[in-house]
Amino acid sequence: MTSSSDRSLAVDVQGPKSYEIRTYGCQMNVHDSERLAGLLEEAGYVRAPEGADGDADVVVFNTCAVRENADNRLYGNLGHLAPKKAARPGMQIAVGGCLAQKDRDTIVKRAPWVDVVFGTHNIGKLPVLLERARVQREAQVEIAESLEAFPSTLPTRRESAYAAWVSISVGCNNTCTFCIVPALRGKEKDRRPGDILAEVEALVAEGVSEITLLGQNVNAYGSDIGDREAFSKLLRACGTVDGLERVRFTSPHPRDFTDDVIAAMAETPNVMPQLHMPLQSGSDAVLKAMRRSYRQERYLGIIEKVRAAIPHAAITTDIIVGFPGETEEDFEQTLHVVREARFAQAFTFQYSKRPGTPAAEMDGQIPKEVVQARYERLVALQGEISWEENKKQLGRTFELMVAEGEGRKDGTTHRLSGRAPDNRLVHFTKPEQDVRPGDVVTVEVTYAAPHHLLAEGPVLDVRRTRAGDAWEKRSTAESAKPAGVMLGLPKVGVPAPLPAAASSGCGCD
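Here the structure is a predicted model, which means the values were calculated and not measured.

Asker: Summarise the sheet that holds strand β7 (residues 163–167); cite the residues concerned and give the values.
Answerer: Spatially, the three strands line up as an open sheet ordered β7-β10-β11, and their pairing is parallel. Each having just a single partner strand, β7 and β11 (246–250) make up the two edges of the open sheet. Taken over all neighbouring pairs, the strand axes of this sheet differ in orientation by 25 degrees on average, direction set aside. Summarising the sheet, β7 and strand β10 (residues 210–214) pair through five bridges and their orientation is parallel. Bridge pairing in β10 links Ser 167 to Leu 214.

Asker: Describe the pattern of salt bridges, with residues and values.
Answerer: Two side chains of opposite charge can pair, provided their charged atoms sit close to one another. Per the counting criterion, the structure on display carries 29 salt bridges. For Asp 103, the salt bridge is made with Lys 102, and the minimal N-O distance between the two is 3.2 Å. Given a relative accessible area of 14%, Asp 103 falls into the buried group. In this structure Lys 102 comes out as partly exposed when scored by relative accessible area, which is 32%. Residues Lys 125 and Glu 142 are paired through a salt bridge, measuring 2.8 Å at the closest nitrogen-oxygen approach.

Asker: Describe the pairing of strand β3 (residues 58–63), listing the residues and the values that go with them.
Answerer: Most of β3 is tucked away: six of the six residues are buried. Pairing between strand β1 (residues 18–23) and β3: five bridges, direction parallel. The residue bridging Thr 23 from the neighbouring strand is Asn 62, located in β3. Where β3 meets strand β4 (residues 92–97), six bridges bridge the pair, whose relative direction is parallel. When the sheet's bridge partners are listed, Val 60 is paired in β4 with Ala 94.

Asker: Could you give an account of the nonpolar core, with specific residues and numbers?
Answerer: Soluble globular proteins tend to bury their nonpolar side chains together. One finds Ile 211, Leu 213, Leu 235 and Phe 257 to be the most contacted residues of the largest nonpolar core, which totals 56 residues. The element contributing the most residues to this core is helix α9 (residues 230–238), with six residues. Those residues within four positions of Phe 257 in sequence are excluded, and the remaining contacts are Asn 219, Phe 249, Pro 252, Ile 262, Met 265, Leu 275, Met 277, Arg 298, Ile 302 and Val 306. Counting residues in each nonpolar core, the second largest holds 26 residues, with Val 59, Ala 65, Val 117 and Leu 184 among its members.

Asker: So what's going on with the packing of aromatic side chains? Which residues, and what values?
Answerer: Counting across every chain of the model gives five aromatic pairs. Judged by centre distance (6.5 Å) and plane angle (80 degrees), the rings of Phe 178 and Phe 323 are edge-to-face. With Phe 178 in the loop between β8 (169–170) and α7 (181–185) and Phe 323 in the loop between β13 (314–321) and α13 (328–341), this pair connects stretches of sequence that are 145 residues apart. The two residues Phe 178 and Phe 323 agree in class, both being buried. Ring geometry for Tyr 299 and Phe 343: centres 6.3 Å apart, planes at 70 degrees, overall edge-to-face.

Asker: Quick rundown of the side chain of Arg 419? Include the residues and the values.
Answerer: Assignment of secondary structure puts Arg 419 in strand β16 (residues 415–419). Judged by its relative accessible area of 10%, Arg 419 falls in the buried class.

Asker: Let's hear about helix α12 (residues 296–309): which residues, and what values?
Answerer: Over its 14 residues, α12 extends 20 Å from the first C-alpha to the last, a length consistent with the 20 Å expected when each residue adds 1.5 Å. Along α12, the positions that sit buried rather than exposed are Gln 296, Tyr 299, Leu 300, Ile 302, Ile 303 and Val 306. Looking down the long axis of α12, one finds its buried residues gathered within 150 degrees of arc, a one-sided arrangement. Seen from the open side of α12, the exposed residues pointing more than 90 degrees away from its buried face are Glu 297, Glu 304 and Ala 308. At its buried positions, α12 is contacted by α10 (259–267), β12 (274–276), α11 (284–290), β13 and α13.

Asker: How would you summarise the packing of α10 against α12 if you had to cite specific residues and measurements?
Answerer: For any two helices packed against each other, the geometry is given by the interaxial angle and the distance between the axes. Orientation of α10 relative to α12, taken along the N-to-C sense of each, is 25 degrees, at an axis distance of 9 Å. Considering the angle they form, α10 stands roughly parallel to α12. For the pair α10 and α12, the sense of crossing is right-handed. Touching Asp 259, Ile 262 and Ala 266 of α10 are Lys 305, Val 306 and Ala 309, all from α12. A breakdown of the residues in the contact of α10 with α12 according to their chemical character gives four nonpolar, no polar and two charged.

The rules behind the values
- Residues numbered from 1 in each chain as written.
- Predicted model: local features only at pLDDT ≥ 70, side-chain atom pairs only at ≥ 80, totals over all residues.
- Heavy atoms only, no water.
- Pairing = 2+ DSSP bridges.
- Helix = DSSP H or I, 4+ residues; strand = E, 2+ residues; numbered from the N terminus.
- Axes fitted to C-alpha atoms, helices over the stretch in contact; angles between N-to-C directions.
- Salt bridge = Lys/Arg side-chain N within 4 Å of Asp/Glu carboxyl O.
- Buried < 20%, exposed > 50% of the residue type's maximum accessible area, 1.4 Å probe, protein only.
- Core = buried A, V, L, I, M, F, W, Y, C linked by side-chain atoms within 4.5 Å.
- Contact = heavy atoms within 4.5 Å.
- Phe/Tyr/Trp six-rings, centres within 6.5 Å; stacked < 30°, edge-to-face > 60°.
- Expected span 1.5 Å × (residues − 1).
- Arc of directions from axis to C-beta.
- Parallel < 35°, antiparallel > 145°, perpendicular 65-115°, else oblique.
- Left-handed = near helix turned anticlockwise from the far one by under 90°.
- Nonpolar A, V, L, I, M, F, W, Y, C, P; charged D, E, K, R; others polar.

Rendered as structure tokens:
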């Protein structure tokens, strides 16, 4: 593990340098980027203003390797920065994440202006590698083959003042044929429960009121420490943390989804009535080809049990269309599961070859036009179901945690936005009383759209919270910084599902 004294070498005596981090891929990468930001700020760097677009002293790419053209995207961005670096003496570029772990020396060969390449296992080395590259005037490539320090032991610069990711494991023991994550992040390694709870309690003490437990296969937690019920025990333990109002987790695997987890969700008041459980395909034949160790009956059985225990649970999923060998009958089975499960939302993906995965070499690759047609049919069906499920919320009263930046039209509509306990996005009329991100409001839903709800009447109640206090304190402190080192207001709010292009891009679900 890199010491704080090593990290402090990263900034010279001429003054603080600015940094920009560009993140691609899954939730784990988003969380890793918070750690990278924390490491750089501990070393004395300051965050570049939003929209800097490469006009920073250090630009870090935290990459994803799961898309067919991920490398082309990276090298295109690196090429865009080459003239900026040439015109800016002392500027440095670093590349980390899954693509760096996979391609290693290739990055420096194709983009010799890159200063640092580091992998998924040694993100703690970034500041000292930047300093070493500056002093030695040559690229530093350092890829650890195993985890050097659990990410949560590193400094962090969290994007939200009141909602936080908490990593409980890294790596994955599955061998899904479309996924390269196990090869890049290694076998599952679990944190000790006491360490996780200590981090949760520390976050709550800082004002955080919502946490999302994070793992490549979050409900397999315990396999590394020999306790099959460790995840349900962890959920129940989170329920005892005073001041922690909301607990979520992502993403579980149907193989490991056991009855004790369902019971813990139902019986722990601060565990939210929300479940994101990837399906990938409704066809048993395709699931077998994917090496997904469950079948349609097992998946629908879990959904049935969850709904019996938690009637108002909102269930979301991931689905891949056009996996090699998928027939029209296979695709119809996926549509059948979608109709039966009635997902609140689905993140749908057209299959694309993941370099280095068995599926990329399989026979029966589906023509693009066939995949596109199936994809459009699936999106249309799920859109209808999402709208129907949202209409069922009309007249219901929800407690919303107020968010910032989730309602793109809030400025023109004079509304605010928040997340319901089941994670549905609700836009509501701005009350006369001042409310802040992290505060809680009570509203009645009056209108339903496929992807959001509206509460057009007056707010029924406003509860100012410690989380709102934390947001106010942080935003006030950051807006008071000198213009040259502005960090900008933090992007706060519930760590929401990522866009469809990235939500489950790692295939680790």
